[in-house]
Structure formats: structure tokens, C-alpha cells
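# Examining the three-dimensional arrangement
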Amino acid sequence: KDKDLKQKQGIDSASIDEITRHHADLTAKYRDALRGFNPVDPASARAVFKSIEGRDKQFLDELGVLISRLRETMSNNLAEMNRQEESQLQTIRMTLIIGLLFGIAIAAALSTLIVRSIIQPLDQAVAATERLAEGDLTLKVESDSNDEVGHLLLSIKHLVGKQAEIMSEVVDSTGALLAAAEAVS
């Protein structure tokens with residue numbers, strides 16, 4: 001598991017093992033140097049310092065390289081995570097846009113159906129009243145709707161029926177009147 005994590009972060013195990021060995025060696029050398037230390041003798045302090053001076057340079061250089069690699073790897077990982085996040089956000093945006101467009105299309109289709117269900121019966125009522133105004137009493141008005149437009153069409157149907165009845169009575173009365181006028185003459 002540790003090895004997988006190291007590989008993911010671009011760190012080879014050999015580098016870490018080498019740094020760990022150097023650290024252990026330095027620790028042993030520091031311990032050995034401190035054995036000769038005498039707190040009352042200033043010369044022993046200088047001798048200890050001289051014996052360990054510069055020994056940690058290689059260790060610190062290797063550690064610096066490792067830290068630089070870690071920083072670079074972490075920066076790359078962060079950039080990749082940002083790219084993935086942006087890609088996911090783009091996918092979410094596109095899904096929302098498509099959903100919104102789909103919703104608008106459904107709303108437009110429903111609106112069209114509703115408008116047609118209102119306009120067609122109104123057009124039928126207008127056509128019927130125009131024919132009635134022209135004197136056509138033979139027109140047939142049909143409506144199976146129970147809404148206001150259906151009631152209007154039913155009223156027009158009754159109006160046409162009444163007008164036809166009245167016209168029939170007028171024709172009959174006119175015929176009777178003509179017959180009576182001929183009989184008198």
C-alpha cells in the first residue's frame with residue numbers, strides 16, 4: 001500500500017530508502033561524536049563540531065530533491081484534480097442546459113396543444129356565425145365540448161334551428177297569403 005502511494009506521488013522507494021539509510025548513518029555518527037564531548041572542555045565542543053561538520057550536506061541535498069519532487073507531484077495532482085472537477089462541472093452544466101431545453105420543448109408542445117384546443121372551436125364558431133350572417137340556415141354545428149366554446153357552439157346550433165323554424169313559418173305564411181290573394185283576385 002505504501003509502495004503504491006509512493007509510486008502515485010512520483011517517489012521511488014530507492015530514494016526514500018537511501019535517505020532513511022543516510023539519516024540512520026548520521027544519527028550513529030552524531031552519537032559517536034557526542035561520546036567524546038566534555039561539557040567543561042571548550043576544545044571538546046570544537047572537536048565534536050569538526051567531526052560532524054558537513055556530514056549532513058548530502059542528506060539535506062537528497063531530502064531537498066525529494067521534497068522538490070513531492071511539491072511538483074502534488075502540484076500536478078492538484079492541477080489534474082482541477083481539470084477533473086472542471087470536466088465534471090461542464091458535464092453538469094450541459095446536463096442542466098439539455099434538461100432546460102427539454103423542459104422548454106415540452107412546455108412549448110403543451111402550449112401549442114392547449115392553444116389549438118381553444119382556437120379550433122373558436123374558428124368553428126366564427127365560421128358558423130359568418131355563414132349564418134350570409135343567410136345559410138342549412139349549416140350543421142357540432143360540439144362535444146362542455147367548456148365555454150362548446151356552450152357557444154351549442155347556442156349557435158339552437159339559433160340556426162330557431163332561424164330555420166322562423167323562416168319556415170314565414171315561407172308557409174307567405175304561401176298562404178299568396179293563395180288567399182289569388183283567390184280574392
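It should be emphasised that the depicted structure is a prediction, and the values quoted were computed from it without experimental measurement.

Rules used throughout
- Residues numbered from 1 in each chain as written.
- Predicted model: local features only at pLDDT ≥ 70, side-chain atom pairs only at ≥ 80, totals over all residues.
- Heavy atoms only, no water.
- Core = buried A, V, L, I, M, F, W, Y, C linked by side-chain atoms within 4.5 Å.
- Buried < 20%, exposed > 50% of the residue type's maximum accessible area, 1.4 Å probe, protein only.
- Helix = DSSP H or I, 4+ residues; strand = E, 2+ residues; numbered from the N terminus.
- Contact = heavy atoms within 4.5 Å.
- Polar contact = N/O pair within 3.5 Å; in protein donor to acceptor, adjacent residues only side chain to side chain.
- Axes fitted to C-alpha atoms, helices over the stretch in contact; angles between N-to-C directions.
- Parallel < 35°, antiparallel > 145°, perpendicular 65-115°, else oblique.
- Left-handed = near helix turned anticlockwise from the far one by under 90°.
- Nonpolar A, V, L, I, M, F, W, Y, C, P; charged D, E, K, R; others polar.

For soluble globular proteins, the rule of thumb is that nonpolar side chains tend to be buried together. In terms of nonpolar packing, the biggest core is built from 9 residues, these being A125, A128, L132, L139, V141, V149, L153, I156 and V160. Breaking this core down by element, the ones donating at least two residues are α4 (57-133) and α5 (148-184). Ranked by the residues each element gives to this core, the list is headed by α5, at 4 residues. Not counting chain neighbours up to four residues away, the residues in contact with I156 comprise A125, A128, T129 and V141.

A few words on helix α3 (residues 42-52). The distance from a side-chain oxygen at the start of α3 to the backbone nitrogen of A43 is 3.1 Å, and the residue carrying that oxygen is D41. Downstream of α3 by one or two residues, G54 has phi in the positive range, about 80 degrees.

Remark: helix α2 (residues 13-35) packs on α3, axes separated minimally by 9 Å, with the N-to-C direction vectors making an angle of 160 degrees. Taken together, the axis directions place α2 and α3 in an arrangement best described as roughly antiparallel. For the pair α2 and α3, the sense of crossing is right-handed. Residues K29, Y30, A33 and L34 of α2 form the contact with α3, whose participating residues are V48, S51 and I52. Per-class residue counts for the contact of α2 with α3 are 5 nonpolar, 1 polar and 1 charged.

Shape is all these values report; function is a separate question.
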